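Coordinates in review
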Amino acid sequence: MQFGIFTVGDVTPDPTTGHTPTEAERIRATVAIARKAEEVGLDVFATGEHHNPPFVPSSPTTLLAYIAAQTERIILSTSTTLITTSDPVKIAEDFSVLQHLSGGRTDVMLGRGNTGPVYPWFGQDIRQAIPLTVENYGLLRRLWREETVDWEGRFRSALQGFTLAPRPLDDVPPFVWHASIRTPEIPELAAYFGDGFFANHIFWPASHTRELVGLYRRRFAHYGHGTPEQAVVGLGGQVFMRPNSQDAVDEFRPYFDNAPVYGHGPSLEEFTRQTPLTVGSPAEVIEKTLGFREYVGDYQRQLFLIDHAGLPVKTVLEQLDLLGEEVVPVLRREFAKDRPDGTPAGPTHASLLRAREDATDEGEAEAR
């Protein structure tokens, strides 16, 4: 399995001090957090895409390219790239460049976002969100896989004799995750193409995530990509830790109560009881995270949200130390136990390249 963190890049006042970081401070802090994630042994760093205050990651590939230059091993991803309002040609170009700069340490998570006004800002209609998703992704796939593309659709101008430059590294496109919080059309799309499905898994109860992931696994098999157990699944999650559980609850409560995404709603206790949020000791985080497998099966990627709601950078880096030293090593060991043979590993550029070479060898053998 792969373990990592994702950020939404919010600029939120610290409710305990009143300090609000500048946009420059928040961007630099994100880079420091990504570097620390690699230092403590995590596998993935992912950033969202937002085009409105109070968020700063409006150009995720720019941010990831800068991080790529300062890291050596960690996979750099988005969480999410807006497939509805971003032009597929530009997505294809940006991620091809990022692949080359990072040596292949790149994949992409596609989604529709959660901010309605972004659609007219980029000339689109939110009522067409699902058709936009389907059409834009169909074009994106072709741009990465075909040397010359002739294409015509509903939502953008036609392409005639278009060739992507640069081509994907080793002619292997980035691995694609389709992300959704609640929309069943998205796991269906992921299953149809045999791509990965990422369930955000931070706002909803286990029963909801079970249904979405179960749908994806069944449809993955239906379209002939393998067994349901061979589908590639990622999950989000949220944690806040201190060695003592009550210390974690006391420290995190004011941040939770004022968080832009769920503040002023259910209590911290209600939210932790009803969703994957874990606030407590490393042992409690381990126990709850291992429980995810009970309702989604063996999966490939677990990302945690740890840097939101105005938490100071120092606190976030301490969270990473706890993840790297006490939580992830145990999760790696425990998730590996009784993992069935044939369960896919987390995707990497190297594994995708091997899969393509194996398929080529099999095709040549059949031809002979």
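Presented here is a report on the structure given in the accompanying data block. Owing to the predicted nature of the structure, the values given are computational and were not obtained by experimental measurement.

A word on the packing of aromatic side chains
Across all of its chains, the model carries 12 aromatic pairs by this definition. Centroid distance Phe 3 to Phe 335: 6.2 Å. Interplanar angle 35°. Geometry classified as tilted. Taken as a pair, Phe 3 in strand β1 (residues 2-7) and Phe 335 in helix α12 (residues 313-336) lie far apart in primary sequence, 332 residues in all. Here the two residues Phe 3 and Phe 335 agree in accessibility, since each one is buried. Geometrically, the ring pair formed by Tyr 299 and Phe 335 is edge-to-face, given 5.5 Å between the ring centres and 80° between the ring planes.

Topic: empty space enclosed by the protein
In the structure shown here, the tally under the stated rule is two cavities of 30 Å³ or more. Around the largest cavity, the lining residues are Ile 83, Leu 110, Gly 111, Arg 112, Thr 133, His 178, Ile 186 and Leu 189. At the level of elements, β5 (107-111) and α6 (185-193) are the ones that each hand at least two residues to the lining of the largest cavity. The residue inventory of the lining of the largest cavity, partitioned by class, reads four nonpolar, three polar and one charged.

Digging into the nonpolar core
If you look at the biggest cluster of nonpolar residues, it comprises 91 residues, and the most contacted ones within it are Ile 5, Tyr 216, Phe 252 and Leu 323. In contact with Leu 323, not counting residues within four places along its chain, are Ile 5, Leu 42, Met 241, Phe 304, Ile 306, Val 328 and Pro 329. Counting five residues, the second-largest nonpolar core is a separate cluster that includes Val 118, Tyr 119, Ala 129 and Leu 132.

Points about the pattern of salt bridges
In total, this model carries 22 salt bridges according to the counting rule given. As a salt-bridge pair, Arg 219 and Glu 188 come within 2.9 Å of each other at their nearest N and O atoms. You can see Arg 219 sitting in helix α7 (residues 206-222) and its partner Glu 188 sitting in helix α6, a full 31 residues away along the chain. Arg 219 gets classed as partly exposed once you look at its relative accessible area, which sits at 25%. Between Lys 314 and Glu 318 there is a salt bridge whose closest N-O contact spans 2.5 Å. Of this pair, Lys 314 and Glu 318 both sit in helix α12, four residues apart, which is roughly one turn of the helix. Each of Arg 242, Glu 251, Lys 314 and Glu 318 takes part in a single network of salt bridges with overlapping partners.

Description of the side chain of Gln 238
Positionally, Gln 238 belongs in the loop between β10 (233-235) and β11 (239-241). For Gln 238, a relative accessible area of 2% gives the class buried. At 2.9 Å, the side chain of Gln 238 forms a polar contact with the backbone oxygen of Ile 202. Setting aside its immediate chain neighbours within four residues, Gln 238 contacts Ile 202, Tyr 262, Phe 271, Pro 276, Leu 277, Thr 278, Leu 305 and His 308.

With respect to the pairing of strand β3 (residues 75-78)
A regular strand places its side chains on the two faces of the sheet in alternate fashion. Both faces of β3 are covered, namely the face carrying Ile 75 and Ser 77 and the face carrying Leu 76 and Thr 78. In this structure, strand β2 (residues 44-47) lies alongside β3, joined through four bridges in parallel fashion. Each bridged residue has a counterpart across the sheet, and for Ala 46 the counterpart in β3 is Ser 77. Handedness of the β2-helix α2 (residues 60-68)-β3 crossover: right-handed.

Conventions adopted
- Residues numbered from 1 in each chain as written.
- Predicted model: local features only at pLDDT ≥ 70, side-chain atom pairs only at ≥ 80, totals over all residues.
- Heavy atoms only, no water.
- Phe/Tyr/Trp six-rings, centres within 6.5 Å; stacked < 30°, edge-to-face > 60°.
- Helix = DSSP H or I, 4+ residues; strand = E, 2+ residues; numbered from the N terminus.
- Buried < 20%, exposed > 50% of the residue type's maximum accessible area, 1.4 Å probe, protein only.
- 1 Å grid on protein atoms, 1.4 Å probe; cavity = no way out; pocket = protein on both sides within 12 Å on 5 of 7 lines; lining within 4 Å.
- Points joined across faces, edges and corners; volume = space filled by probe spheres on them.
- Nonpolar A, V, L, I, M, F, W, Y, C, P; charged D, E, K, R; others polar.
- Core = buried A, V, L, I, M, F, W, Y, C linked by side-chain atoms within 4.5 Å.
- Contact = heavy atoms within 4.5 Å.
- Salt bridge = Lys/Arg side-chain N within 4 Å of Asp/Glu carboxyl O.
- Polar contact = N/O pair within 3.5 Å; in protein donor to acceptor, adjacent residues only side chain to side chain.
- Pairing = 2+ DSSP bridges.
- Right-handed = clockwise from strand over helix to strand, strands pointing away.

Read these as layout, nothing more, since geometry by itself doesn't imply function.
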